Amino acid sequence: MTDEAGWVVLGAGGHARSVVDVLERAGQAVVAVSGSAPQGQPWHVEVLSDDRAALELATARGLRLVVAIGAGPARTRLVRELLARGLSVPPVVAATATVSHRSILGAGCVVLEHAHVGPASRLGEATLVNTAAVVEHDCRVGVGAHIAPGAVVLGGASVGDGALVGSGARVLPLVTVGAGVTVGAGAVVTAHVPDGETVVGVPASVRPRATPAPHLSGDPA
């Protein structure tokens, strides 16, 4: 991250605060953030009303863009929209993170403070490796996935598109977590998880899905 022109951050919530902090710790100038700012400490940079205004500013001044939205689907959509417009959305890596030069980070990836990405691992577009999370060697992490704070994905494991590995969770070596899976906080995943499931516990097991109450004769329709 050596660009001297500065950055525009798409997002103005809590995740955006973390990303702005990463950029500024690396000596980068953050010109503006965009979106609805949360209650609490006011922003120290300009807050633009929406992403359109942010894109206009970035284009006019030759600024770089980073998408700092915690929700995976929204983050992925926006990163891909920016790429389709031919805009630069480079990965952002915290100065305290360790990322192997033999790993591959897709466009729009964010690796936050004290996180680790090991050699021969590949992160898809818009992937978020959060504070102190670990993606070990030879892993595959899909587009828009989120490895939450303190989570660990061990060697050779795979995490599908849009999946969430919750805070403090573990995915054991060579295990596959499918697309759209949610791994609950603190869970330990010891076996493959099919797409779309939610797993919790140690060892992790599929959480039963809620079923609607049966309709009884005589009940109102």
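As a reminder, the structure under discussion sits directly above these lines.
Predicted model, so just to flag it, every value in this text is computed and none were measured.

Definitions and cut-offs
- Residues numbered from 1 in each chain as written.
- Predicted model: local features only at pLDDT ≥ 70, side-chain atom pairs only at ≥ 80, totals over all residues.
- Heavy atoms only, no water.
- Pairing = 2+ DSSP bridges.
- Helix = DSSP H or I, 4+ residues; strand = E, 2+ residues; numbered from the N terminus.
- Core = buried A, V, L, I, M, F, W, Y, C linked by side-chain atoms within 4.5 Å.
- Buried < 20%, exposed > 50% of the residue type's maximum accessible area, 1.4 Å probe, protein only.
- Right-handed = clockwise from strand over helix to strand, strands pointing away.
- Polar contact = N/O pair within 3.5 Å; in protein donor to acceptor, adjacent residues only side chain to side chain.
- Contact = heavy atoms within 4.5 Å.
- Salt bridge = Lys/Arg side-chain N within 4 Å of Asp/Glu carboxyl O.

Some words on the sheet that holds strand S7 (residues 104–105)
As a general point, the strands of a sheet are linked pairwise by backbone hydrogen bonds and lie either parallel or antiparallel.
At step 1: Taken in spatial order, the 5 strands line up as S7-S10-S13-S16-S19 in an open sheet, and their pairing is parallel. Strand pairing shows two members of the sheet lacking a second neighbour, S7 and strand S19 (176–177), which therefore form its edges.
At step 2: Bridge analysis of strand S10 (residues 122–123) against strand S13 (residues 140–141) gives 2 bridges, and the strand direction is parallel. Bridge pairing links Leu123 to Val141 in S13.

Structural notes on the nonpolar core
At step 1: If you look at the biggest cluster of nonpolar residues, it comprises 49 residues, and the most contacted ones within it are Val9, Ile147 and Val183.
At step 2: Within the residue set of this core, elements represented by two or more residues are strand S1 (7–10), helix H1 (14–25), strand S2 (30–34), strand S8 (110–111) and strand S11 (128–129).
At step 3: Top contributing element to this core by residue count: H1, with 5 residues.
At step 4: Residues Val8, Ala32, Ala54 and Leu78 belong to the second largest nonpolar core, which totals 17 residues.

Description of the pairing of S2
At step 1: With 5 of its 5 residues buried, S2 lies for the most part within the structure.
At step 2: Here S1 pairs with S2 via 4 bridges, running parallel. Across the sheet, the residue bridging to Leu10 is Ser34, located in S2.
At step 3: Regarding the hand of the β-α-β motif, the stretch spanning S1, H1 and S2 is right-handed.

Topic: the side chain of Thr127
At step 1: Along the chain, the position of Thr127 falls in the loop between S10 and S11.
At step 2: Within the structure, Thr127 has its side chain in polar contact with the backbone oxygen of Gly124 (distance 2.9 Å).
At step 3: Here Thr127 is in contact with Gly108, Cys109, Val110, Val141, Gly142, Val143, Gly144 and Ala145, once residues within four sequence places are set aside.

Details of the pairing of S1
At step 1: Because side chains alternate across S1, one face comprises the buried residues Trp7 and Val9, and the other comprises Val8 and Leu10, equally buried.
At step 2: As paired elements, S1 and strand S4 (residues 64–67) share 4 bridges and run parallel to each other. Residue pairing for S4: Leu10 is matched across the bridge by Val67.

Quick notes on the side chain of Glu197
At step 1: Relative to the assigned elements, Glu197 resides in the loop between strand S21 (188–189) and strand S22 (198–200).
At step 2: The class of Glu197 is buried, set by a relative accessible area of 18%.
At step 3: Among all residues touching Glu197, those that are not within four sequence positions of it are Gly180, Val181, Thr182, Val206 and Arg209.

Quick word on the pattern of salt bridges
At step 1: By the definition in use, this model includes 4 salt bridges.
At step 2: The salt bridge involving Arg80 is made with Glu125; its shortest N-O contact spans 2.9 Å. Taken together, the residues span a long stretch of sequence, with Arg80 in helix H3 (residues 72–84) and Glu125 in the loop between S10 and S11 at a distance of 45 residues.
At step 3: We classify Arg80 as partly exposed; its relative accessible area is 45%.
At step 4: The exposure class of Glu125 is partly exposed, given its relative accessible area of 24%.
At step 5: Across the pair Arg85 and Glu81 runs a salt bridge whose closest N-O atoms are separated by 3.0 Å.
At step 6: Among the residues examined, Arg85 registers a relative accessible area of 52% and is labelled exposed.
At step 7: When salt bridges that share partners are traced, they join Asp21, Arg25 and Glu113 into one network.

Re unusual backbone geometry
At step 1: Omega for the bond connecting Val202 with Pro203 falls within 30 degrees of zero, at -10°, which places this linkage in the cis form.
At step 2: Secondary-structure assignment places Pro203 in the loop between S22 and strand S23 (205–206).
At step 3: Not every positive phi belongs to a glycine, and Ala120 is a case in point at roughly 65°.
At step 4: One non-glycine residue with positive phi stands out, namely Ala132, at about 60°.
At step 5: By secondary structure assignment, the location of Ala132 is in the loop between S11 and strand S12 (134–135).

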